[in-house]
Amino acid sequence: MRARSRKVAAERLDSGLGAGTKRRMRGTIPGVALWASAALLLSACGFADMRAPVPEFMRAKMPDPVAPESPPDVKHLMRENLEQVFTAAAQPTRVRVSPPRREPVGQNWTACVKADLNSVIGRPLGAQTYRLTIASNAIVDRRRVEDDDNCASESYEPI
């Protein structure tokens, strides 16, 4: 019996752990491994998009294609929203618009608008050109044309 207790004591000294701790570790390591693998598998669920290299039933569904929107009537929009593009003090005259063009990126449309404007103090500024951004048949943005815009090459029609 003494030999056996010496053997157990030697094993405890070798491992640095008591017998109860070893039994608990036997159950803990597989449990941690099981939880870690489950978390890894579940975290991969968010990465199976429509182009993922997984079977088709695991992929996200492709979105339905958006029907192309018909070109907006820029003349009508300008008549209805002239004050949205120009201030009342500018007193716009000879307002002309270009045909709408689809933006290279996105679903919006762009158009150019030219008008003879006055400054706030009433001095003539001459012809000024603005680029409009149109979405869902509404003017959502306007900005003054810069050198890299192609409004200079557009054809214009009076409203």
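Residues numbered from 1 in each chain as written. Predicted model: local features only at pLDDT ≥ 70, side-chain atom pairs only at ≥ 80, totals over all residues. Heavy atoms only, no water.

### Here's the deal with the pattern of salt bridges
Close approach of charged atoms lets side chains of opposite charge pair.
Moving on, step 1. Taken as a whole and judged by the stated rule, the model has five salt bridges.
Moving on, step 2. One salt bridge in this structure joins lysine 75 and glutamate 157, with 2.7 Å as the shortest N-O distance. You can see lysine 75 sitting in helix α3 (residues 74-80) and its partner glutamate 157 sitting in strand β6 (residues 157-158), a full 82 residues away along the chain.
Moving on, step 3. Accessibility expressed as a relative area gives 43% for glutamate 157, which makes it partly exposed.
Moving on, step 4. Put simply, aspartate 149 and arginine 143 hold a salt bridge, and the shortest N to O gap is 3.2 Å.
Moving on, step 5. Take aspartate 149: its relative accessible area is 16%, and that puts it in the buried class.
Moving on, step 6. Ionic contacts of the salt-bridge type, sharing partners, join the residues Arg131, Arg143 and Asp149 into one network. (Salt bridge = Lys/Arg side-chain N within 4 Å of Asp/Glu carboxyl O. Helix = DSSP H or I, 4+ residues; strand = E, 2+ residues; numbered from the N terminus. Buried < 20%, exposed > 50% of the residue type's maximum accessible area, 1.4 Å probe, protein only.)

### Some words on the state of the cysteines
Moving on, step 1. Under the counting rule described, the total for this entry stands at one disulfide.
Moving on, step 2. The disulfide partner of cysteine 112 is cysteine 151, and the S-S distance across this bridge is 1.9 Å. Between cysteine 112 and cysteine 151, the disulfide has an S-S torsion of -70 degrees and is therefore left-handed. Taken as a pair, cysteine 112 in strand β3 (residues 109-118) and cysteine 151 in the loop between β5 (138-144) and β6 lie far apart in primary sequence, 39 residues in all. (Disulfide = S-S within 2.5 Å.)

### Some words on the pairing of strand β4 (residues 124-135)
Moving on, step 1. In this sheet, β4 lies alongside β3 in antiparallel orientation, the contact comprising ten bridges. Across the sheet, residue leucine 117 finds its bridge partner in β4, namely glycine 126.
Moving on, step 2. Adjacent in sequence and paired antiparallel, β3 and β4 are bridged by five residues, among which glycine 122 carries a positive phi angle near 95 degrees.
Moving on, step 3. The pairing of β4 with β5 spans six bridges and is antiparallel. Residue pairing across strands places arginine 131 opposite arginine 143, the latter belonging to β5.
Moving on, step 4. From the end of β4 to the start of β5, which pair antiparallel, there are two residues, and serine 136 there has a positive phi angle of about 55 degrees. (Pairing = 2+ DSSP bridges.)

### Structural notes on the nonpolar core
Moving on, step 1. Within the largest apolar cluster, 17 residues are counted, with the highest numbers of intra-cluster contacts made by Met78, Phe86, Val113, Leu132, Ile134 and Ile139.
Moving on, step 2. Looking at this core, the elements with two or more residues in it are α3, β1 (93-97), β3 and β4.
Moving on, step 3. A per-element tally of this core places β3 first, with five residues.
Moving on, step 4. Apart from the residues within four sequence positions on either side, phenylalanine 86 is in contact with Met78, Pro92, Val95, Val113, Ala115, Leu117 and Tyr130. (Core = buried A, V, L, I, M, F, W, Y, C linked by side-chain atoms within 4.5 Å. Contact = heavy atoms within 4.5 Å.)

### Describing unusual backbone geometry
Moving on, step 1. Here glutamine 91, not a glycine, exhibits a phi torsion of approximately 45 degrees, which is positive.
Moving on, step 2. Turning to its location among the elements, glutamine 91 is positioned in the loop between α4 (82-85) and β1.
Moving on, step 3. Note on glutamine 91: relative accessible area 49%, which makes it partly exposed.

### Regarding the packing of aromatic side chains
Moving on, step 1. The final tally for this structure, using the stated rule, is one aromatic pair.
Moving on, step 2. Taken together, a centroid distance of 5.6 Å and an interplanar angle of 75 degrees make the contact between phenylalanine 86 and tyrosine 130 edge-to-face. Here the residue phenylalanine 86 occupies a position in the loop between α4 and β1, and tyrosine 130 occupies one in strand β4, the gap between them amounting to 44 residues. Pair check on accessibility: phenylalanine 86 and tyrosine 130 agree, each one buried. (Phe/Tyr/Trp six-rings, centres within 6.5 Å; stacked < 30°, edge-to-face > 60°.)

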